[in-house]
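In case you want the letters, here they are:
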Amino acid sequence: MTLTEEDYILKLIEEGEHIHQDFKFAISDARKIAKSISAFSNTEGGRLLVGVKDNGKIAGVRSEEEIYMIEAAATMYCKPKVTIKSNVYRVHGKDVLEVIIEECTQKPIYALDKNNRPWAYVRIEDENILADTVLLNKWKHNKKEENVIITYSEREKHLLDILSANGELTLNKCSKSSGITRIETSRLLADFIRFDLIEQVFIGHTFYFRIK
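About the criteria used
Residues numbered from 1 in each chain as written. Predicted model: local features only at pLDDT ≥ 70, side-chain atom pairs only at ≥ 80, totals over all residues. Heavy atoms only, no water. Helix = DSSP H or I, 4+ residues; strand = E, 2+ residues; numbered from the N terminus. Expected span 1.5 Å × (residues − 1). Buried < 20%, exposed > 50% of the residue type's maximum accessible area, 1.4 Å probe, protein only. Polar contact = N/O pair within 3.5 Å; in protein donor to acceptor, adjacent residues only side chain to side chain. Core = buried A, V, L, I, M, F, W, Y, C linked by side-chain atoms within 4.5 Å. Contact = heavy atoms within 4.5 Å. Pairing = 2+ DSSP bridges. Axes fitted to C-alpha atoms, helices over the stretch in contact; angles between N-to-C directions. Parallel < 35°, antiparallel > 145°, perpendicular 65-115°, else oblique. Nonpolar A, V, L, I, M, F, W, Y, C, P; charged D, E, K, R; others polar.

(A) Layout of helix H2 (residues 30-42). If you check H2, its first and last C-alpha atoms are 18 Å apart, about what 13 residues at 1.5 Å a residue would give, namely 18 Å. Every buried residue of H2 is accounted for by Ala30, Ile33, Ala34, Ser36, Ile37, Ser38, Ala39, Phe40, Ser41 and Asn42. Of the residues that open H2, the one with a side-chain oxygen 2.9 Å from the backbone nitrogen of Arg31 is Asp29.

(B) A look at the nonpolar core. Of all hydrophobic cores here, the largest spans 26 residues; its most connected members are Ile37, Leu48, Val50, Ile70, Val82, Val99 and Ile101. Elements with a contribution of two residues or more to this core: H2, strand S2 (46-50), helix H3 (64-75) and strand S5 (94-101). No other element matches the six residues that H2 contributes to this core. Apart from the residues within four sequence positions on either side, Leu48 is in contact with Asp22, Lys24, Ile33, Ser36, Phe40, Ile70, Leu97, Glu98, Val99 and Ile101. In terms of nonpolar packing, the next biggest core, distinct from the first, is built from 16 residues, Ile162, Leu171, Ile180 and Leu189 among them.

(C) Structural context of the sheet that holds strand S8 (residues 127-130). One open sheet holds the four strands; their spatial order is S3-S6-S7-S8, and the pairing between them is antiparallel. Two strands bound the open sheet, and with one partner strand each, they are strand S3 (78-79) and S8. Two elements, S3 and strand S6 (residues 110-112), share two bridges in a ladder whose sense is antiparallel. Paired with Cys78 across the strands is Ala111, a residue of S6.

(D) Examining the packing of helix H5 (residues 154-166) against helix H7 (residues 182-194) more closely. Two numbers describe how H5 lies on H7: the axes approach to 11 Å, and their chain directions differ by 75°. When the interaxial angle is binned, H5 and H7 end up roughly perpendicular. Every residue of H7 that contacts H5 at Arg155, Glu156, Leu159, Leu160 and Leu163 is listed here: Glu184, Thr185, Leu188, Leu189 and Phe192. Tallied by class, residues from the contact of H5 with H7 come to six nonpolar, one polar and three charged.

All quantities given are derived from atomic positions and should not be read as evidence of function.
Shown next, in the form of structure tokens:
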């Protein structure tokens, strides 16, 4: 059975907010929306439903200005600019704007703050989380075309042994326990993730690393 436009949106709203979907009651700040676009672009893609409250109640898009602000967020406040797809649906007599953001193949996508400083975000469950330096290093290496060979010296073995013995550790704890600088530890952890030796998890609003 083919869904009507109204049924399509209502079905999405029933899902609630999750890693691929975010509700926005209204758009008042294009820079804040740029954070959501950055997060979806850097993760698995997703959609914004504008004109929908956090509880799923339909409020409707208030004006065409909100649509323009979405475009501004994607083209002016995302670096590099992001191509988005937008559709307006009529639901319960009100307009709901669906904004579709594809996952970017060349990460990261940054969102510019009020001082035009770039910050990259990722989508974890139903939140936009600031990417840490390990993720940034991972993305940086992924952009390089040449094959990367990881060296396995005593330093790398020492860090892996610490992770193996202690379970989940933060970046700072990895650095302190290994005696390796934080910058170099971040690079090593990024390499370990790329070679599927460890995984990064997010617990209690903190990134941790553990042996796979």
